[in-house]
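Results of the structural survey
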Amino acid sequence: MDKSALLKAIVDKLANELALQSEAAEDAHKEATNDESRAEDRYDMRGQLAAYLAAGQAKLAEEVAAAIAAFRNIALRVFNPGEPAAVGAVVRLEARGAQSLYFLGPAHGGLEVEIDGAEVMVVTPSSPLGRSLMGRRTGERVALPQGARTVEHLIAAVE
């Protein structure tokens, strides 16, 4: 898998999310400072709620910007056969005849991108799945929860 294309797809998706979050933060800020949001009595909380929303949206935008910086600073490398999974690795799991791809990234776990016709999910070392994959090698098995039960997956590749 072309990791530079994968990284570009991740950064592009995060950039789109940053634009949306920034716009939402700006809209919430305008709502909070609008004359119509001024309290009409001591129980009117519209302006206060809009200010809280603006602060939350701004914080989300900062987190996405930090994730973009983290992905831009990641050193992509080729993982040799038998080398353990670490940040920057693409891990292929197989279970019940199905394959799934995970990219061990520095931030923003749960993000999904499509590359070369395959869905790749970003997981971080701090997530339960990321902790299960870190340090594992090709050929090892890992038990992952699926619904109410645990399913054993084979690590088909660490790239």
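Residues numbered from 1 in each chain as written. Predicted model: local features only at pLDDT ≥ 70, side-chain atom pairs only at ≥ 80, totals over all residues. Heavy atoms only, no water.

Observations regarding the pattern of salt bridges
Scanning the model with the defined rule gives six salt bridges in all. For Glu 159, the salt bridge is made with Arg 92, and the minimal N-O distance between the two is 2.6 Å. Pair noted here: Glu 159 is in the segment after strand 6 (149-158) and Arg 92 is in strand 1 (residues 90-95), with a separation of 67 residues, a long-range link. For Glu 159, a relative accessible area of 23% corresponds to the partly exposed category. A salt bridge links Arg 136 to Glu 140; its shortest N-O distance comes to 3.8 Å. (Salt bridge = Lys/Arg side-chain N within 4 Å of Asp/Glu carboxyl O. Helix = DSSP H or I, 4+ residues; strand = E, 2+ residues; numbered from the N terminus. Buried < 20%, exposed > 50% of the residue type's maximum accessible area, 1.4 Å probe, protein only.)

Notes on the confidence of the model for the chain
The predicted model of the chain averages 89 in pLDDT, with 92% of residues at 70 or higher. Across the chain, element-level confidence peaks in strand 4 (residues 118-123) with a mean pLDDT of 97 and bottoms out in helix 2 (residues 46-72) with 87. (pLDDT = per-residue confidence, 0-100.)

Considerations on the pairing of strand 2 (residues 98-104)
For strand 1 and strand 2, the ladder comprises six bridges, and the chain directions are antiparallel. Bridging across to strand 2, Ala 95 finds its partner in Ala 98. A loop of two residues connects strand 1 with strand 2, the two strands running antiparallel in sequence, and Arg 96 in this loop sits at a positive phi of about 55°. Relative to strand 4, strand 2 is paired through four bridges, and the arrangement is parallel. (Pairing = 2+ DSSP bridges.)

Quick word on the packing of aromatic side chains
Enumeration over the complete set of coordinates arrives at one aromatic pair. Over the face of the ring belonging to Phe 79 we find Arg 77, whose NZ or CZ atom lies 3.9 Å from the ring centre. (Phe/Tyr/Trp six-rings, centres within 6.5 Å; stacked < 30°, edge-to-face > 60°. Lys NZ or Arg CZ within 6 Å of the ring centre and 35° of its normal.)

Quick look at the sheet that holds strand 5 (residues 141-146)
Pairing is mixed in the open sheet, where six strands are placed in the order 3-4-2-1-6-5. Looking at which strands have only one partner, the edges of the open sheet turn out to be strand 3 (112-115) and strand 5. Adjacent strand axes in the sheet meet at a mean angle of 40° when their direction is disregarded. (Axes fitted to C-alpha atoms, helices over the stretch in contact; angles between N-to-C directions.)

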